[in-house]
Amino acid sequence: MCGRFVQYDGMAVFMEELGPQLPLFGGYDAEPISRYNVAPTTRVQILHSTEAGVHITPVRWGWAPFWAKGKRPDPINARIETVTTGKFFKQLWPAGRALVPSEGWYEWVKDPSDPKKKQPYFIRLKDQKPMFYGALAQARPGLNERDGDGFVIITASCEQGMVDIHDRRPLVLSPEEARQWLDPDLSPAQAEEIAKNRSRPETDFEWYAVGKEVGNVKNQGAQLLLPWSSEEN
């Protein structure tokens, strides 16, 4: 987790959910983003703060410090259990806090009778409202991609029924917690407390099987979110 997610509404929808009181620097496009199969290494709209305010910037999904470049693929996720103390993300924690707006993510579940077969599931909030993943990013405002920039999504362990889908999930913050997460005056201790204790509970989510077409990163479109039935096989 998390290896694929969606970001299809216009940024205006995400900003309305996040709250108009956010000190946003610059404007945003209200047109739908229409990405139903976001894959690692692609650029994604994220929210991050500078002294001038909150910026919306397209940033590459995946990041590694300069000394780890080329040794393995850049990680796309960071475990909350180690991100605050490990050296790998020391450059980003806690000043590099960012948010990834989304409507949900995909997970693959192995077939117990055949581990080579995997069934994709889509996970979203029960009220189907936008959500915000807590992330860490090296990001500089602007449309042009810059060397070294990238982001990772923070993940936490799953509990209750969601563990049947996967043992990890993204750190999903409520709009209130998400606003705090972007506050540059938030202390490291407060940021750690939010990350470790205030992720939205599993009871806020629902999940269902979707078609295996989502496994191909070239496939896009709202049809990827349609429920799948075993009778279709």
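Refer to the preceding data block for the structure.
Numbering of residues begins from 1 in every chain and follows the order in which that chain's sequence is written. Since the coordinates come from a predicted model, pLDDT governs what is reported: local features require at least 70, and pairs of side-chain atoms require 80 or more to be given and counted, while whole-chain, interface and lining totals use all residues. As a convention, hydrogens and water are excluded, and side-chain values are obtained from all of the structure's heavy atoms.

Draft legend 1. Just the pattern of salt bridges, in detail. The term salt bridge refers to a side-chain nitrogen of Lys or Arg lying within 4 Å of a carboxyl oxygen of Asp or Glu. Under the definition given, this model contains 10 salt bridges. Notably, a salt bridge pairs E192 with K196, separated by 2.7 Å at the nearest N-O pair. Within this pair, E192 and its partner K196 are both found in helix 4 (residues 188-197), separated by 4 residues, close to a single helical turn. A residue is classified by how much of its surface remains accessible, and K196, at 42% relative accessible area, is partly exposed. For E193, the salt bridge is made with R198, and the minimal N-O distance between the two is 2.7 Å. Put simply, R60, K69 and D74 are held in one network by salt bridges that share partners. Under the DSSP-based scheme used, a helix requires at least four consecutive residues in state H or I and a strand at least two consecutive residues in state E, with every element numbered from the N terminus. Burial classification: accessible surface area is computed with a 1.4 Å probe over protein chains only, and a residue below 20% of its type maximum counts as buried, one above 50% as exposed, and the rest as partly exposed.

Draft legend 2. Inspection of the nonpolar core at higher detail. Judged by nonpolar contacts, the single largest core of 33 residues is most densely connected at L18, L47, F89, L99, L136 and W181. Going through the elements one at a time, helix 1 (11-18), strand 4 (53-60), helix 2 (80-83), strand 9 (131-138), strand 10 (150-157), helix 3 (175-182) and helix 4 are the ones with two or more residues in this core. In terms of residue count, the dominant contributor to this core is helix 1 (4 residues). Contact criterion: two residues are considered in contact whenever any of their non-hydrogen atoms come within 4.5 Å of each other. When near neighbours in sequence (up to four residues on either side) are disregarded, L99 contacts L18, I46, L47, F132, Y133, G134, L173, A178, W181 and L182. Counting 22 residues, the second largest nonpolar core, distinct from the first, contains C2, W61, I76 and V100. Think of a nonpolar core as a cluster: buried Ala, Val, Leu, Ile, Met, Phe, Trp, Tyr and Cys residues, connected wherever their side-chain atoms sit within 4.5 Å.

Draft legend 3. A look at the environment of V6. By the secondary structure assignment, V6 is in strand 1 (residues 4-7). Spatially, the C-alpha atoms of V6 and R124 are 10.0 Å apart, while their sequence positions differ by 118 residues. Not counting the four nearest positions on each side in its chain, V6 is found in contact with R35, Y36, V38, P101, S102, E103, G104, Y106, F122 and L225.

Draft legend 4. Molecular detail of the packing of aromatic side chains. A pair of aromatic rings is counted whenever rings of Phe, Tyr or Trp (Trp by its six-membered ring) have centres within 6.5 Å, and the orientation is called stacked for planes under 30 degrees apart, edge-to-face for over 60 and tilted otherwise. Going through the model one piece at a time under the given rule, you end up with 13 aromatic pairs. With 4.8 Å between their ring centres and 10° between their planes, Y8 and Y36 make a pair best called stacked. Here the residue Y8 occupies a position in the loop between strand 1 and helix 1, and Y36 occupies one in strand 2 (residues 35-38), the gap between them amounting to 28 residues. Judged by relative accessible area, Y8 falls into the partly exposed class, the value being 21%. Judged by relative accessible area, which is 14%, Y36 ranks as buried. The interplanar angle of 50° and the centroid separation of 6.1 Å between the aromatic rings of W93 and W181 together place this pair among those described as tilted. Here W93, found in the loop between helix 2 and strand 6 (97-102), pairs with W181, found in helix 3; they are 88 residues apart in sequence, far enough to count as distant. Looking at W93, the relative accessible area reads 12%, which means it is buried. For W181, a relative accessible area of 0% corresponds to the buried category.

Draft legend 5. Spotlight on the side chain of R35. With respect to the helices and strands, the residue R35 is situated in strand 2. Although R35 lies buried, it forms no salt bridge, and the closest oppositely charged side chain, E103, sits 10 Å away as judged by the N-O distance. There is a polar contact of 3.0 Å between the side chain of R35 and the side chain of T42. Excluding residues within four positions of it along the chain, R35 makes contact with V6, Q7, Y8, T42, R43, V44 and Q220. Charge assignment: positive for Lys and Arg, negative for Asp and Glu; neither His nor the chain ends contribute. Contacts described as polar in this section are N or O atom pairs within 3.5 Å, which, within protein, must combine one atom able to donate a hydrogen with one able to accept it, while residues neighboring in sequence count only if both atoms come from side chains.

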